[in-house]
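Each chain is listed here by its residues.
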Amino acid sequence: GYSKEEIFSSKEYLEFIKMVWSIVENHYDNKYAWNIIIDSLKHSHPSRLDGLPDGDFKIYRGGSQNGFAWTTDLKIANWFLQRFDQFNGQNESIGGLDNWEMVVNKDDCLWFDDDRNEKEVVVKPDIDFESRAKKVLQDKDTIPDKDKVEEVLENWEEEDEEMEEAKTDKKPKK
């Protein structure tokens, strides 16, 4: 077999992992696999933290407190919280869906990515979320427009349907 160094430069490897990351919906459900991938990134390209401030800073998460994907923008965390509420139909069995705040520094982070305008901070999986993450109260200025969230979800459903149709069209006819 080949090592990742023989296939990708460290920057290419980081970009590849970020691309895969962006298409996965729930990273925490695959925590074991992501831990292995994340462990391989610990010493990857130094630019992975560009965009993050030096020293301690706050990050936010809308949904459950356990998760690798956070943001530096409370409005974005609120958007994800609204999305999860609508996507899951406010499913009581999920529980713990709130806005969370955590103080971190660059040593706690794997990478920062703003390619999708989410100001996403991916944190290391060994963070003790239960002791470090605190609930954040929403204020009316940070709650996203529910119609906008619904529109985004409808667009995703349409894209999923189009992808399924494309798969069906590519299957060989018998």
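Residues numbered from 1 in each chain as written. Predicted model: local features only at pLDDT ≥ 70, side-chain atom pairs only at ≥ 80, totals over all residues. Heavy atoms only, no water.

**As for the overall build of the protein chain**
For the protein chain, the count of helices and strands is six helices and six strands. When the helices and strands of the protein chain are placed in sequence order, the string is α-α-α-β-β-α-β-β-β-α-β-α. A buried classification covers 34% of the 174 residues belonging to the protein chain. Put simply, 73% of the contacts in the protein chain that link residues at least 6 apart link residues at least 24 apart. Carbon and sulfur atoms form 48% of the exposed surface of the protein chain, whose accessible area is close to 11,300 Å². (Helix = DSSP H or I, 4+ residues; strand = E, 2+ residues; numbered from the N terminus. Buried < 20%, exposed > 50% of the residue type's maximum accessible area, 1.4 Å probe, protein only. Contact = heavy atoms within 4.5 Å. Areas by Shrake-Rupley, 256 points an atom, 1.4 Å probe, with all protein chains shown as cover.)

**Points about the packing of helix H2 (residues 10-23) against helix H3 (residues 31-41)**
The geometry of H2 relative to H3 is characterised by a closest axis approach of 11 Å and an angle of 155° between their N-to-C directions. Between H2 and H3, the crossing angle belongs to the class labelled roughly antiparallel. The crossing of H2 and H3 is left-handed. Together, Tyr 13, Leu 14, Ile 17, Val 20 and Trp 21 of H2 and Trp 34, Ile 37, Ser 40 and Leu 41 of H3 make up the contact between the two elements. Class assignment for the residues of the contact of H2 with H3 results in eight nonpolar, one polar and no charged. (Axes fitted to C-alpha atoms, helices over the stretch in contact; angles between N-to-C directions. Parallel < 35°, antiparallel > 145°, perpendicular 65-115°, else oblique. Left-handed = near helix turned anticlockwise from the far one by under 90°. Nonpolar A, V, L, I, M, F, W, Y, C, P; charged D, E, K, R; others polar.)

**Some remarks on H3**
Listed in full, the buried residues belonging to H3 are Trp 34, Ile 38 and Leu 41. Looking straight down H3, one finds that the buried residues subtend no more than 45° of arc, so they occupy a single side. Buried residues in H3 make contact with H2 and strand S4 (109-113). (Arc of directions from axis to C-beta.)

**Considerations on the packing of aromatic side chains**
Aromatic ring pairs are described here by two measures, namely the spacing of the ring centres and the angle between the planes. Counted according to the given criterion, the structure contains four aromatic pairs. Between the aromatic rings of Trp 21 and Phe 68, the centroid separation amounts to 6.2 Å while the plane-to-plane angle is 40°, which identifies the pairing as tilted. With Trp 21 in helix H2 and Phe 68 in the loop between strand S1 (57-63) and strand S2 (69-71), the pair connects residues that are 47 residues apart, well separated along the chain. A centroid spacing of 5.0 Å and a plane angle of 85° characterise the contact between Trp 79 and Phe 80, whose relative ring orientation is edge-to-face. Looking at Phe 80, the relative accessible area reads 17%, which means it is buried. (Phe/Tyr/Trp six-rings, centres within 6.5 Å; stacked < 30°, edge-to-face > 60°.)

**Focus on the confidence of the model for the protein chain**
Summary statistics for the protein chain give a mean pLDDT of 77 and a share of 67% for residues scoring 70 or more. Under a pLDDT of 50 for its full length, residues 90-94 has, in the predicted model, two contacts with residues more than four places off or in other chains. (pLDDT = per-residue confidence, 0-100.)

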